[in-house]
Amino acid sequence: MAVRTDDEAVSEIPASDAVSGEDAQIIPISAARSASGSNGSGPQSADERLAELFAFLRRRVTGDYEIDEFGFDPELNDKVLLELIRPIYRHWFRVETLGVRNVPADSGALVVANHSGTLPVDALMMQVALHDEAHRAVRLLGAHLVYQLPVLGHLSRKTGHTLATPEDADRLLRKGELVGVFPEGFKGVGKPFSQRYKLQRFGRGGFVTAAIRAGVPIVPCAIVGAEEIYPKIGDFPMLARMLGVPYLPVTPFFPLLGPLGLIPLPSKWLIEFGEPIRTDTFDPADADDPLVVFNLTDQVREAIQHQLDALRLRRGPAFPPFF
């Protein structure tokens, strides 16, 4: 298996019109290949599709594919993992993406988003949005708990995610990668339904420090729709502590309906990428100034809260009729 490495030095660090899968006429690479032959002359035959599948499997078995030093496997991500998520994105949540032109096309940036929904489905939907609409692979920074789970941790690495550490964030940003972070953490994803669309505390502003040191813009991202998929109306705190998880939720359908209660409700989603906030105007030393970090963190938080309020009005009902 070939592994790409990065030789760059690692420094230490503590809206536009709506675009949807249908409106933008953006076709995923895999879908395009299914719609046209390898030479672009017409639809693929069954034999061609089968040959492509066998070629993919042969590469996987022989190790003839590349991963980077973080474990990111672009081929597996594009051809398997995103293909499994995309139908939920397009047909279940009917996601519309706004402000795609605010995402840098080929340079480093830090996407900062609100976090909600009891389970972190919003991270997956943002990943599809950036891949399909902005044509960028986002490298999400995840909590330690994710990487303590054998299967989930391994898959997260394969899809380009990595541990939320200053060192990893710095290396990715300096490589020109698009990095995604959810500063609310478990406080956001696990908050009760009564606090929906109210941003929680953004921690100590470590994401701002990373952006200033790397000199990359911060792109505020607001996600509306995740709050309604698993309305959290209660908790089992003692059982959660026994299991070593931040919370064990009670929703209108879980645990009452058992596994069926884990099916997310089909709320309507909007994802908006706001106007980038520049950090290259700061001196790298400002990353160590608590006042600068606090003020910029507060500016990003206010921008996302404003986006959330406007998007909720734009969306209307959380469960409009299917079309």
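Coordinates for the structure precede this section.
Below, the structure is looked at part by part. Keep in mind it's a predicted model, so treat the numbers as computed, not measured.

1. Focus on the packing of helix α9 (residues 206-214) against helix α11 (residues 290-315)
Between α9 and α11, whose axes approach to 9 Å, the crossing angle comes to 105°. Classified by the angle their axes make, α9 and α11 are roughly perpendicular. Along its contact with α9, which presents Phe207, Val208, Thr209 and Ile212, the element α11 presents Val292, Val293, Leu296, Thr297 and Val300.

2. What to know about the packing of helix α3 (residues 74-92) against helix α4 (residues 121-132)
Two elements in contact, α3 and α4, have axes whose closest approach is 10 Å; the angle formed by their N-to-C orientations is 110°. Considering the angle they form, α3 stands roughly perpendicular to α4. Mapping the contact onto sequence places Asn77, Asp78, Leu82, Ile85, Arg86, Ile88, Tyr89 and Arg90 in α3 and Leu124, Met125, Gln127, Val128, Ala129, His131 and Asp132 in α4. Across the contact of α3 with α4, the residue classes tally to 8 nonpolar, 3 polar and 4 charged.

3. Brief notes about the pattern of salt bridges
Per the counting criterion, the structure on display carries 19 salt bridges. Of the charged contacts, one joins aspartate 168 and arginine 171 as a salt bridge, the two residues approaching to 3.7 Å between their closest N and O atoms. Of this pair, aspartate 168 and arginine 171 both sit in helix α7 (residues 166-174), 3 residues apart, which is roughly one turn of the helix. Of the residues examined, arginine 171 reaches a relative accessible area of 24% and is grouped as partly exposed. When salt bridges that share partners are traced, they join Arg59, Arg60, Asp73, Glu75 and Lys158 into one network.

4. Comments concerning the packing of aromatic side chains
What characterises a pair of aromatic rings is the spacing of the ring centres plus the angle enclosed by the ring planes. Using the criterion set out here, one finds 2 aromatic pairs in the structure. Their ring planes at 25° and their centres at 4.6 Å tell us that phenylalanine 93 and tryptophan 269 sit as a pair that is stacked. With phenylalanine 93 in the loop between α3 and β4 (96-98) and tryptophan 269 in the loop between β11 (249-250) and β12 (270-273), the pair connects residues that are 176 residues apart, well separated along the chain. Overall, the relative accessible area of 0% leaves phenylalanine 93 in the buried class.

5. Observations concerning empty space enclosed by the protein
Within this model, the largest cavity holds a volume of roughly 60 Å³. In this structure, the largest cavity is lined by Ser116, Gly117, Thr118, Gly188, Val189, Lys191, Pro192, Phe193, Glu227, Tyr230, Pro231 and Lys232. Broken down by class, the residue content of the lining of the largest cavity amounts to 5 nonpolar, 4 polar and 3 charged. When its volume is computed, the second largest cavity comes out at roughly 40 Å³. Residue lining of the second largest cavity: Phe72, Asn77, Leu82, Gln127, His131, Arg136, Ala137, Val138, Arg139 and Thr159, and that is the complete set. Secondary-structure elements contributing two or more residues to the lining of the second largest cavity are α3, α4 and β6 (138-142).

Cut-off values and rules
- Along each chain, the written sequence defines residue order, and numbers are assigned to residues from 1.
- Given that the model is predicted, a residue must reach a pLDDT of at least 70 before its local features are reported, and side-chain atom pairs must reach 80 or more before they are shown or counted; all residues, however, enter totals for whole chains, interfaces and linings.
- Values shown for side chains rest on all heavy atoms present in the structure; no hydrogens or waters enter the calculation.
- Helix axes use the C-alpha atoms of the stretch in contact, all axes being lines fitted to C-alpha atoms, and the angles between their N-to-C directions lie in the range 0 to 180 degrees.
- Numbering of helices and strands runs from the N terminus; a helix is a DSSP stretch of H or I covering at least four residues, while a strand is a stretch of E covering at least two.
- Just so you know how the angles are binned, under 35 degrees is roughly parallel, over 145 roughly antiparallel, 65 to 115 roughly perpendicular, and the rest oblique.
- Throughout, a residue-residue contact means that at least one pair of heavy atoms, one from each residue, lies within 4.5 Å.
- Gly falls in the polar group here, along with every residue not listed as nonpolar (Ala, Val, Leu, Ile, Met, Phe, Trp, Tyr, Cys, Pro) or charged (Asp, Glu, Lys, Arg).
- Any Lys or Arg side-chain nitrogen located within 4 Å of an Asp or Glu carboxyl oxygen qualifies as a salt bridge.
- Think of it in three bands: with a 1.4 Å probe and only protein chains considered, a residue is buried below 20% of the maximum accessible area for its type, exposed above 50%, and partly exposed in between.
- For Phe, Tyr and Trp, rings pair up if their centres lie within 6.5 Å, where Trp contributes its six-membered ring, and each pair is then called stacked (planes under 30 degrees apart), edge-to-face (over 60) or tilted (otherwise).
- Here a cavity denotes grid points, spaced 1 Å and computed from the protein atoms alone, that fit a 1.4 Å probe unable to get out, and a pocket denotes an open set having protein on both sides within 12 Å along at least 5 of 7 lines; residues with an atom within 4 Å of a point are the lining.
- Grid points are joined across faces, edges and corners, and a volume is the space filled by probe spheres set on the points.

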